[in-house]
Amino acid sequence: MPKVIVVTSGKGGVGKTTTSASFATGLALRGNKTVVIDFDVGLRNLDLIMGCERRVVYDIINVINGEVALKQALIKDKHCDNLYVLPASQTRDKDALNLDGVGRILDELKESFDCIVCDSPAGIEHGAFSAMYYADEALVVTNPEVSSVRDSDRILGILAAKSKRAVEGLEPVREHLLVTRYDPKRVAAGEMLSVDDIQEILRIPLIGVIPESESVLQASNSGTPAIHLDKSDVAEAYRDVVARFMGDEVPMRFTTYEKVGLLKRLFGGR
Amino acid sequence: MPREEPAFKIKNANLPVLVLHLKTPDMARVRAQLETRIKQMPDFFAHTPVALGLAELAGLASSDAPLDLAGLLDFMRGQRMQAVGVIGGSAAQREAAALAGLGIIPETPARPAAVAEAAPEPVVEAPPAPPAQDLGPAQPDLPGLEVEAAPAPLAPPEARPTLVIDKPVRTGQRIYAEGANLVVLAIVNAGAELIADGDIHIYAPLRGRALAGARGNTAARIYAQSMEAELVAIAGYFQVFDEGIPEAVRGKFSQIYLDCDKVVVKAMANKR
Ligand SMILES: Nc1ncnc2c1ncn2[C@@H]1O[C@H](COP(=O)(O)OP(=O)(O)O)[C@@H](O)[C@H]1O
Ligand SMILES: [Mg+2]
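Quantities reported herein were computed from a predicted structural model and do not represent experimental measurements.

A. Representation of the overall build of chain B. Assigned secondary structure in chain B consists of four helices and 17 strands. About 15000 Å² of surface is accessible on chain B, with carbon and sulfur atoms providing 55% of the total.

B. Structural detail: the pairing of strand β2 (residues 48–53) of chain B. All names here are of chain B. A large share of β2 lies buried, amounting to five of its six residues. Pairing geometry for β2 and strand β3 (residues 81–87), over six bridges, is parallel. Across the sheet, the residue bridging to P49 is Q82, located in β3.

C. Geometry of the packing of aromatic side chains. Residue and element names in this part refer to chain A. Throughout the structure, instances matching the rule amount to four aromatic pairs over all chains. Residues F23 and F245 carry aromatic rings whose centres are separated by 5.1 Å and whose planes lie at 90° to one another, so their mutual orientation is edge-to-face. Of the two residues, F23 sits in helix α1 (residues 16–29) while F245 sits in helix α12 (residues 233–245), which places them 222 residues apart along the sequence. In this structure F23 comes out as buried when scored by relative accessible area, which is 1%. According to the relative accessible area criterion, F245 is buried, its value standing at 8%.

D. Structural context of the nonpolar core. Residues and elements named next belong to chain A. Of all hydrophobic cores here, the largest spans 52 residues; its most connected members are I37, L86, L109 and I116. With five residues, the single largest contributor to this core is helix α7 (residues 146–162). Sequence-distant contacts of I116, that is, excluding residues within four places in its chain, are made with K3, V4, I5, V35, I37, L106, L109 and K110. Formed by 35 residues, the second largest nonpolar core is a distinct cluster that contains V7, A28, L46 and I227.

E. Fine view of empty space enclosed by the protein. Residues and elements named next belong to chain A. Tallied over the full model, the rule gives three cavities of 30 Å³ or more. Estimated volume of the largest cavity: approximately 40 Å³. Element by element, the count of residues in the lining of the largest cavity is highest for helix α11 (residues 215–221), at three residues. Among the residues forming the lining of the largest cavity, the class breakdown is five nonpolar, three polar and no charged.

F. Focus on the site of ligand 1. All names here are of chain A. Near ligand 1 lie 13 residues; those nearest to it are G13, K16, T17, T18 and R181. G13 is positioned with one of its backbone polar atoms (N or O) 2.8 Å from an oxygen atom of ligand 1. Coverage of ligand 1 by the protein chains reaches 81% of its 560 Å² of free accessible surface. Elements with a contribution of two residues or more to the shell around ligand 1: α1 and β8 (206–211). Sort the elements by how many residues they give to the shell around ligand 1 and α1 lands first, with three residues. Partitioning the shell around ligand 1 into residue classes produces four nonpolar, six polar and three charged.

G. Just the environment of A229(B), in detail. All names here are of chain B. Here A229 lies in the loop between β13 (222–227) and β14 (231–234). Since its relative accessible area comes to 4%, A229 is described here as buried. Through-space distance from the C-alpha of A229 to that of G244 is 9.3 Å; in sequence the pair is 15 residues apart. Contacts of A229, omitting those with residues within four sequence positions, involve L206, R207, G208, F241 and I245.

H. Representation of a nonpolar patch on the surface within the structure. All names here are of chain B. Residues V164, L185 and Y203 make up a contiguous nonpolar surface patch of roughly 280 Å² in combined accessible area. Structurally, the position occupied by Y203 is in strand β11 (residues 200–206). Judged by relative accessible area, which is 40%, Y203 ranks as partly exposed.

I. Broad picture of the side chain of Q173(B). Among the secondary structure elements, Q173(B) is positioned in the loop between β7 (163–165) and β8 (174–177). Among the polar contacts listed, one links the side chain of Q173(B) to the backbone oxygen of G157(A), at a separation of 3.2 Å.

J. Here's a closer look at α12(A). Residues and elements named next belong to chain A. With 13 residues, α12 extends 18 Å between its outermost C-alpha atoms, agreeing within 8% with the 18 Å of an ideal straight helix rising 1.5 Å per residue. Across the 13 residues that make up α12, a large majority, 10, are buried. All buried positions along α12 are accounted for by V234, A235, A237, Y238, D240, V241, V242, A243, R244 and F245. Next to the buried residues of α12 lie β1 (3–8), α1, β6 (137–142), β7 (174–182), β8 and α11. Among the residues of α12, the N-terminal cap falls to S232, whose side-chain oxygen and the backbone nitrogen of V234 are separated by 3.1 Å.

K. Expanded view of the packing of α7(A) against helix α10 (residues 195–202) of chain A. Residue and element names in this part refer to chain A. Contact pair α7 / α10: the axes reach a minimum separation of 10 Å and the direction vectors enclose 35°. By crossing handedness, the relation of α7 to α10 is classed as right-handed. Contacts between α7 and α10 involve V149, S152, D153 and L156 on the former and, on the latter, I198, I201 and L202.

L. Spatial organisation of the side chain of T19(A). Residues and elements named next belong to chain A. Take T19: it is sitting in helix α1. Here T19 falls in the buried class, since its relative accessible area comes to 1%. Residues in contact with T19, not counting those within four places in the same chain, are V7, A24, L139, V141, L178, T180 and Y238.

M. The arrangement of the environment of D233(A) in detail. All names here are of chain A. Among the secondary structure elements, D233 is positioned in helix α12. Exposure remark for D233: the relative accessible area of 43% places this residue in the partly exposed category. In this structure the C-alpha to C-alpha distance between D233 and R253, which are 20 residues apart in sequence, comes to 9.2 Å. Each residue touching D233, except ones within four places of it in the same chain, is listed here: P211 and F254.

Conventions used here
- Residues numbered from 1 in each chain as written.
- Chains lettered and ligands numbered in written order.
- Predicted model: local features only at pLDDT ≥ 70, side-chain atom pairs only at ≥ 80, totals over all residues.
- Heavy atoms only, no water.
- Helix = DSSP H or I, 4+ residues; strand = E, 2+ residues; numbered from the N terminus.
- Areas by Shrake-Rupley, 256 points an atom, 1.4 Å probe, with all protein chains shown as cover.
- Buried < 20%, exposed > 50% of the residue type's maximum accessible area, 1.4 Å probe, protein only.
- Pairing = 2+ DSSP bridges.
- Phe/Tyr/Trp six-rings, centres within 6.5 Å; stacked < 30°, edge-to-face > 60°.
- Core = buried A, V, L, I, M, F, W, Y, C linked by side-chain atoms within 4.5 Å.
- Contact = heavy atoms within 4.5 Å.
- 1 Å grid on protein atoms, 1.4 Å probe; cavity = no way out; pocket = protein on both sides within 12 Å on 5 of 7 lines; lining within 4 Å.
- Points joined across faces, edges and corners; volume = space filled by probe spheres on them.
- Nonpolar A, V, L, I, M, F, W, Y, C, P; charged D, E, K, R; others polar.
- Near = heavy atom within 4 Å.
- Polar contact = N/O pair within 3.5 Å; in protein donor to acceptor, adjacent residues only side chain to side chain.
- Patch = residues over 30% accessible without salt bridge, like charges linked within 9 Å, V, L, I, M, F, W, Y side chains within 5 Å.
- Salt bridge = Lys/Arg side-chain N within 4 Å of Asp/Glu carboxyl O.
- Expected span 1.5 Å × (residues − 1).
- Axes fitted to C-alpha atoms, helices over the stretch in contact; angles between N-to-C directions.
- Left-handed = near helix turned anticlockwise from the far one by under 90°.

Structural data, given as structure tokens:
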């Protein structure tokens with residue numbers, strides 16, 4: 001059964017697009033035929049992070065408006081065979097992402113893809129709502145700060161009440177908490193919420209913790225999803241997330257500061 | 001010739017209406033206090049029919065001075081409060097009300113009316129409305145903001161079964177148990193709102209708002225397994241905790257009830 005997975009958060013700048021790119025890549029690397037869709041009409045970041053911005057000719061709104069066939073708008077990823085990108089439009093009206101149109105596109109994609117990853121814009125209207133409405137599963141991206149947790153809580157409320165699955169009384173959307181930009185040192189110092197604090201409020205299963213790392217910025221500047229980075233915590237953490245999503249049992253990593261300290265003591269590193 | 005099907009019928013109904021008892025002819029003051037009140041419970045009055053109680057004005061010396069009802073009505077409409085009529089007042093005031101398009105509701109002293117009174121001393125500022133960080137500008141027609149009890153059209157209000165919620169109630173969600181008690185088995189997060197015409201029981205932390213006896217039942221109570229609320233109210237009398245929740249009840253299994261006009265929050269004894 002093909003799956004529609006929304007990457008959502010309410011708040012902007014928390015790492016949804018970074019996550020969409022790496023998560024979709026990870027799914028493709030594990031053999032799933034995957035497409036990742038940019039719902040952020042107007043901002044259009046995903047193609048930059050995937051490094052395919054120069055190949056964007058048509059976008060999702062051209063397809064919704066029936067101006068081109070879906071096949072014409074899909075861009076094949078340069079790193080993986082199994083991965084395609086459906087870009088957002090830079091200029092057009094956000095309202096063009098209407099539910100009917102999005103539903104038609106998703107139905108068509110389900111005929112040839114196993115996983116459809118929807119990169120949601122910030123907020124809870126228009127594009128964000130269209131991105132989450134058809135979801136089977138949701139990665140709720142949350143930073144360890146109160147305002148981000150609050151917005152994730154709001155998104156979870158909407159998923160539980162207004163998604164297609166909720167409205168039609170089907171099995172509820174499967175919710176996964178993904179904590180990103182996690183800095184165990186600052187958490188230990190009490191400057192940020194801990195994973196436990198976040199879970200205590202949101203009360204949904206944790207699928208992973210992505211550490212804060214400068215390598216993310218380098219990756220996005222070079223148009224390479226962070227999961228491809230060599231010897232990077234962020235890449236490892238995203239691989240773990242994909243593995244857990246596929247049902248593997250993988251212990252949580254990158255959540256405690258002590259571990260780093262211990263390694264440092266053992267190897268005398270800095 | 002067949003008789004025509006009746007297109008309507010008229011029946012006497014005993015409908016619940018909030019009464020806003022005016023205590024001063026100074027509409028600017030009324031508006032200012034009302035605005036504070038509404039900020040504390042946005043949506044509480046939304047589309048709710050409200051009658052203006054003028055009885056206390058009739059006795060004042062200035063009872064023949066013209067009331068700026070039109071201004072008040074404008075303001076109320078802006079707040080989505082629906083003024084339907086006036087009760088009491090001097091002949092001049094009632095005439096002004098009729099001119100302003102309001103109904104004249106006969107006084108029926110036997111019927112207890114719901115009270116929505118300004119707090120004795122304007123104790124608190126409105127708690128900050130949950131900030132809509134980064135959620136974009138205006139939010140018309142928000143998806144996902146209300147979960148309401150399914151209306152049970154024919155049953156009298158008292159007979160409605162308890163509304164039981166077994167999933168987390170999250171920021172921006174509102175649960176209304178109309179004419180019923182409300183039982184919540186999962187967490188009620190900050191920014192979530194529970195409203196019941198009867199009692200409210202929460203068998204999990206209460207971090208949002210809970211308003212029991214919403215149509216004026218002063219005997220309604222709230223029971224929360226862990227008291228961490230932003231706001232609690234009984235029959236329109238409410239209490240906010242902008243300076244934190246008192247140590248004695250914080251995080252404790254608590255009950256909340258009305259003692260005269262005071263909202264009492266009390267930890268439950270551990271004894272059996
Ligand atoms: N794990 C991380 N460590 C450091 N910076 C990150 C991390 N994840 C995301 N970022 C940075 O945060 C910013 C916002 O990320 P983005 O994925 O565009 O968020 P969103 O799509 O939620 O708005 C970007 O500058 C990105 O490089
Ligand atoms: Mg983004």
